[in-house]
Amino acid sequence: MAGDDAVTFAEQRLTIEELETPVIQIWEGVLALPLVGAVDTRRAQLMNEKLLVRIVETGSEIVLVDISGVPVVDTAVSGHLLETVSAARLLGAEVIIVGLSARTAMTLVQLGQDLAGVTTRTTMARGLQLALAQLGYKVTKQDAGMLAEPS
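Right, let's walk through the structure included here. (Residues numbered from 1 in each chain as written. Predicted model: local features only at pLDDT ≥ 70, side-chain atom pairs only at ≥ 80, totals over all residues. Heavy atoms only, no water.)

**Some points on the nonpolar core**
Test applied: Only buried Ala, Val, Leu, Ile, Met, Phe, Trp, Tyr and Cys residues count toward a nonpolar core, and they belong to the same one when joined by side-chain atoms within 4.5 Å. Summary of the burial criterion: residues with accessible area below 20% of their type's maximum are buried, those above 50% are exposed, and those between are partly exposed, where the area comes from a 1.4 Å probe applied to protein chains only. We call two residues in contact when some of their heavy atoms are within 4.5 Å.
In terms of nonpolar packing, the biggest core is built from 24 residues, with L35, V63, V65, I67 and I97 touching the most fellow members. The contacts of V65, once residues within four sequence positions are left out, are L33, L35, L81, V95, I96, I97 and V98. Core analysis: the second largest hydrophobic core is formed by seven residues, V30, I62, I96 and A131 among them.

**A look at the side chain of D66**
Applied cut-off: Numbering of helices and strands runs from the N terminus; a helix is a DSSP stretch of H or I covering at least four residues, while a strand is a stretch of E covering at least two. For the charge count, each Lys or Arg is scored as positive and each Asp or Glu as negative, with His and the chain ends excluded. Salt bridge, as applied in this entry: a Lys or Arg side-chain nitrogen positioned within 4 Å of an Asp or Glu carboxyl oxygen. Counted as a polar contact is a pair of N or O atoms within 3.5 Å, where, for protein atoms, one must be capable of donating a hydrogen and the other of accepting one, and residues adjacent in sequence contribute only when both atoms are in side chains.
One can find D66 in strand β3 (residues 62–69). Of the side chains with opposite charge, R43 lies nearest to the buried D66, which makes no salt bridge, at 11 Å. A polar atom in the side chain of D66 sits 2.8 Å from the side chain of S68. Leaving out residues up to four positions away in the same chain, D66 has contacts with L33, P34, L35, V98, G99 and M124.

**Focus: helix α2 (residues 41–58)**
Put simply, the rule is: Here the expected span of a helix is defined as 1.5 Å times the quantity of residues minus one.
Taking 1.5 Å of rise per residue, 18 residues should cover 26 Å, and α2 covers 26 Å from first to last C-alpha, within 8% of that figure. Taken as a whole, α2 has its buried residues at R43, A44, L46, M47, N48, K50, L51 and I55.

**Remarks on the packing of aromatic side chains**
Rules: Working definition: rings of Phe, Tyr and Trp (its six-membered ring) pair if their centres are within 6.5 Å, and the pair is stacked with planes under 30 degrees apart, edge-to-face with planes over 60 apart, and tilted otherwise.
This model, assessed by the stated rule, comprises one aromatic pair. Plain terms: the ring middles of W27 and Y137 are 5.7 Å apart, the flat faces sit at 80° to each other, and that makes the pair edge-to-face. Taken together, the positions of W27 in strand β1 (residues 24–27) and Y137 in the loop between α5 (124–134) and α6 (144–147) put the pair 110 residues apart, joining distant regions of the chain. Residue class for W27 comes out partly exposed when judged on its relative accessible area of 41%. Its relative accessible area of 36% is what places Y137 among the partly exposed residues.

Structure, rendered in structure tokens:
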């Protein structure tokens, strides 16, 4: 019975880790890493490991790291983000940090974090648009009248 509890606990922990750090391929060559909740050292290490494996597996060139769900971006979190950027670059992928709020931007400036050379966008949509443009895709808005079926 105790062995069953250990297996169940291990399975639950694995499931939680999968949900904590999902790395999603959202387009050919583009991965997304949405972050929700606090980012501590353990989670950052797990996040980086999973992300780097997925970059290699998919051959992705661009990673969108969405921090809109991170409640506090402090020196430690920004340090973890910079590690992610550096590691991904070593594998040939560019990281675009998306989901920055005005408050987060001001906090990073006040902390003196050097984000020079790190591409950022305010929203996932703007980050995806940039990523697709860098991959040579043209994003255009179709005329709504063109989408209607003939009557």
